[in-house]
Every structure is written in C-alpha cells, then in structure tokens.
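Residue strings, one per chain:
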Amino acid sequence: MYRCEFYKECKNSTFLFNEPFFNSIFAHFIKGIANFGGDWPLFENKIIMKAGIVGLPNVGKSTLFNCLSNAKAQSANFPFCTIEPNIGVVNVPDSRMAKLEELVKPERVQMATVDIVDIAGLVKGASKGEGLGNQFLGNIRECNAIIHVLRCFDNDNIVHVDGNVNPIRDKETIDIELQLKDLETVEKRLEKVNRAAKTGNKEAQAEQSLLNRIREALLQAKSARTVVPASQDEEELMESFQLITNKPVLYVCNVDENSAVNGNKYVDQVRELVKDEDAEVIILSVGAEADINELESYEERQVFLEDMGLTEPGASVLIRAAYKLLKQQTYFTAGVKEVRAWTINIGATAPQAAGVIHTDFEKGFIRAEVISYEDFIHYGSEAKCKEAGKFKVEGKEYVVKDGDVMHFRFNV
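Residues numbered from 1 in each chain as written. Predicted model: local features only at pLDDT ≥ 70, side-chain atom pairs only at ≥ 80, totals over all residues. Heavy atoms only, no water.

Chemist: So what exactly am I meant to see when it comes to the overall build of the protein chain here?
Modeler: Tallying secondary structure elements over the protein chain gives 15 helices and 14 strands in all. When each of the 412 residues of the protein chain is scored for burial, the buried share is 47%. Considering only residue pairs separated by 6 or more positions, the protein chain has 69% of its internal contacts joining residues 24 or more positions apart. Entry remark: accessible area of the protein chain is about 21,300 Å², with carbon and sulfur atoms responsible for 50%. (Helix = DSSP H or I, 4+ residues; strand = E, 2+ residues; numbered from the N terminus. Buried < 20%, exposed > 50% of the residue type's maximum accessible area, 1.4 Å probe, protein only. Contact = heavy atoms within 4.5 Å. Areas by Shrake-Rupley, 256 points an atom, 1.4 Å probe, with all protein chains shown as cover.)

Chemist: Please clarify how the pattern of salt bridges should be interpreted in this entry.
Modeler: Opposite charge on two side chains lets them pair, provided their charged atoms get close. Evaluated as defined, the whole model comprises 17 salt bridges. Glu-207 is the salt-bridge partner of Arg-189, the closest N and O atoms lying 2.5 Å from each other. With Arg-189 in helix H5 (residues 167-198) and Glu-207 in helix H6 (residues 202-219), this pair connects stretches of sequence that are 18 residues apart. Given a relative accessible area of 29%, Arg-189 falls into the partly exposed group. The structure contains a network of salt bridges with shared partners spanning Asp-94, Arg-96 and Asp-402. (Salt bridge = Lys/Arg side-chain N within 4 Å of Asp/Glu carboxyl O.)

Chemist: What exactly am I supposed to notice about the side chain of Arg-96 here?
Modeler: Residue position: Arg-96 is located in helix H3 (residues 95-104). In terms of polar contacts, Arg-96 uses its side chain to reach the side chain of Asp-402, at 3.0 Å. With sequence-adjacent residues up to four places away left out, Arg-96 is seen in contact with Thr-330, Phe-332, Tyr-373, Asp-402 and Gly-403. (Polar contact = N/O pair within 3.5 Å; in protein donor to acceptor, adjacent residues only side chain to side chain.)

Chemist: Please explain the layout of surface pockets as it appears in this structure.
Modeler: Empty space left among the atoms is revealed by rolling a probe the size of a water molecule over them. What the largest pocket holds in volume is close to 1,000 Å³. Glu-239, Asn-246, Lys-247, Pro-248 and Lys-327 are, among the 29 residues lining the largest pocket, the residues nearest its centre. In terms of residues, the lining of the largest pocket owes the most to one element, helix H7 (residues 232-241), which gives five residues. (1 Å grid on protein atoms, 1.4 Å probe; cavity = no way out; pocket = protein on both sides within 12 Å on 5 of 7 lines; lining within 4 Å. Points joined across faces, edges and corners; volume = space filled by probe spheres on them.)

Chemist: Sorry if this is basic, but what is going on with empty space enclosed by the protein here?
Modeler: Scanning all chains against the criterion turns up two cavities of 30 Å³ or more. Space inside the largest cavity adds up to approximately 60 Å³. In terms of lining, the largest cavity is formed by Ile-146, His-148, Ile-174, Asp-175, Leu-178, Ser-223, Arg-225, Thr-245, Val-249 and Tyr-251. Where the lining of the largest cavity is concerned, the elements lending two or more residues are strand E7 (145-151), H5 and strand E8 (249-254).

Chemist: Can you walk me through the nonpolar core in this structure?
Modeler: Note on soluble globular proteins: their nonpolar side chains tend to be buried together. Core analysis: the largest hydrophobic core is formed by 65 residues, its most contacted members being Leu-64, Leu-68, Ile-116, Ile-147 and Leu-318. At seven residues, helix H11 (residues 314-325) tops the list of elements feeding residues into this core. Residues contacting Leu-64, with those up to four places away along its chain left out, are Ile-53, Val-149, Val-252, Leu-284, Val-286 and Leu-318. (Core = buried A, V, L, I, M, F, W, Y, C linked by side-chain atoms within 4.5 Å.)

Chemist: Would you take a moment to explain the confidence of the model for the protein chain for this structure?
Modeler: Interpretation of this model should avoid reading the predicted coordinates in detail wherever pLDDT is low. On average, residues of the protein chain score 83 in pLDDT, and 81% of them reach the 70 mark or higher. Note that pLDDT drops below 50 for residues 1-43; the model gives that stretch 58 contacts with residues more than four away or on any other chain. Across residues 71-84, confidence stays below pLDDT 50; counting only partners more than four residues off in sequence or on other chains, it has 41 contacts. (pLDDT = per-residue confidence, 0-100.)

Shown next as structure tokens:
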C-alpha cells in the first residue's frame, strides 16, 4: 500500500506523527465527513478516460462489451438494441500484479481499470439525425478514444444492415458520418473566427488557419487526426475543438472462430485500408470470446484457448490496447495492506502521480521514493533494493515510468 507520512515543520526539525495518533485523527476525520453526508474522493482522484466501442448495428459491439465488462448489455439481432450507452469499468490485465502479490503477500490486490462505453449503432445519415445519430454522436464526443468494430465474418443468420459483409464499406460509412459532423462543427466555428480575424486579431488568425486546414481535410474525406499541428499552440487549439475524428482509433476485426489466429480476407482488406493511419488492427472472434466468458474455471478457459491456438483471450489484448490508446500507464504501490496499480497519463510527473491517490498528496508533495518494477522483482523487497542501491529518491520534476513502485511523502 502507498505510504503517506504527515510532517509538521518546527524550526529546523521534522516530526513524524506516529501511526496510532494518525489513525485516531483520521478516524475522527472520516466520521466527520460521514456525518456531514459528503461524498469526497478521500483516497482516489481517479483519471476518467473512456474508450467508446462504435460500429454499424449488428457487428458485435454489445457482445464484445459484455465480454470485456462481464456486464450483460442487451445484445440482440436487430438494429439499435443498444440505445443508452452502457459503461463498464474493466480491469486491465497485467501479469506484473501476480508477481508483486507473490512477493508482498498483501491483504488485497487492486488492478488498474479502463472505462469502456458501448455506444448505439450508427447508420447512414447519422450526422443529420438518422437512426440514433444525434445520440450516438453525442456519446462518442464524450469519449477519449474510439474502438471501431468491423464485421469480418459471414453468417446468413445475422442480419447486416446493408445486406452483405463488406468491412471497407462499413468503415467508410462510419468515417463519413463522423467527418460530416466534424465539418459542421468546424464551419460553425469558422463563422465566428472569420469575423475576429478580419479585425487583425492574431489569435483568431492562427485559429482560422488551423480550422481551414482541418476543413480542407474533411472535404477530402480525411479525418481531422490527419492534420498535423505545426506547433504546441496548434496542438492545444486542436484539442479544444473536440472533434470526433481527431480522437485516436483502433480497429477490431470481428471474425469467425476459425480465423481468430490468422484472420481472413476481410482482415487483409482492413489492414491494407488503414496501413497509413498509424492505427492498430486487432483480430477478435467475439462469438468465441463470449463462449470463453461463460466457462467457470480458469483451466476450462485455457483448454478452450489452446484449442483455438491462442495463449490468452483476445479481450485481454484489446483491453491493454485500449489502455495504451488512451495514453495511460501504470505505477504500483506495494505493501502488506494492498498491492495496487494506479493509472496515470504517460508523461506524468511524480506530484501528478501522487495526486491520483489524493489531491493533498500532490499539493503537499515533498518527494517520491521509487524502485523500478524490475529491481523490485529481482531483489524481492524494498529493504534489499535499498541495500543494492536501487532505491531512488525523486523530486517534483521526476517523470514517472511505467511499472515504477512508489511511495510518497507529503506535507499538509
């Protein structure tokens, strides 16, 4: 568990409150909050980043969501069976946690999580409100990344909204609707910016230039993410526009069970189409994943996977990919009370990482005590890492690395 130590400065000396005294004060504090009826984030200042599952109706989105979250979102063989977005908080598979648990033997283990959203199926005309278009586009705008599911299997018993299987056409349908909605957003913003730019306003002129480049890309049926910001200022401007097609995307090819390892002709078509997008393509047999999910024991699931030629469920691969797509990474706190994986943005500093546990940790940050995951596992304990000189003390400028095992000291 993270170690939080309160300091009281008195002249040149630092006094550490003892644990019973701290526990007593903290118990009264908790009681006070409970009596007040507040709902305060006492232990965790969670970074909420969401990846939205999108695609045409009946491509397997809700079935996939059920596999990822173990929640039973309605999954039916007709369009719009998902109307309200289903949100699942999904554990991020991480083999490092098992090794830390084996060494530390904590009372409990808490995995890192990622939020996955199952969004209603989109159809042609969604940008103009067709089907559940307005609702769909509003839901996806609230997400930070897109998991685009494409149907890459033949099955006459499962209706395709356009009559036949064609993942290239399906992708273009989704892309065009999202691009049209972004074009509408850009043109509305340009109307306001153009007036300000005519007055000689430099900021408005800079925004106008970027918006015109984005507009040109959208008119050519290219997504906003293809426009590369020329500076940090443009990058921040781009983020402020909240364009749907600027969100990072990964593609999930939903295949039949026999194609789960090597894919099929449809997967090859998708890979060829997106080769210049710098986007990951994941092969997943959603139907088989659903069957695996129903098995009770780990051993049964492993036998099923081996029969398919897989070493782990495709859902696990997808969850980790979504975590990476959201530009998230993990650091650990490890103690006898708890071993826990904490989610931070890639590039976060030590105070920012501390703030994920509690905002006071960031405000009163003094220093971080850091051991790399590899060193912790190699030497087996914090004490042995110290003996080997692998225990580091870092300040406010330290950029946290994925897998760091950390303790924080702070002053409030």
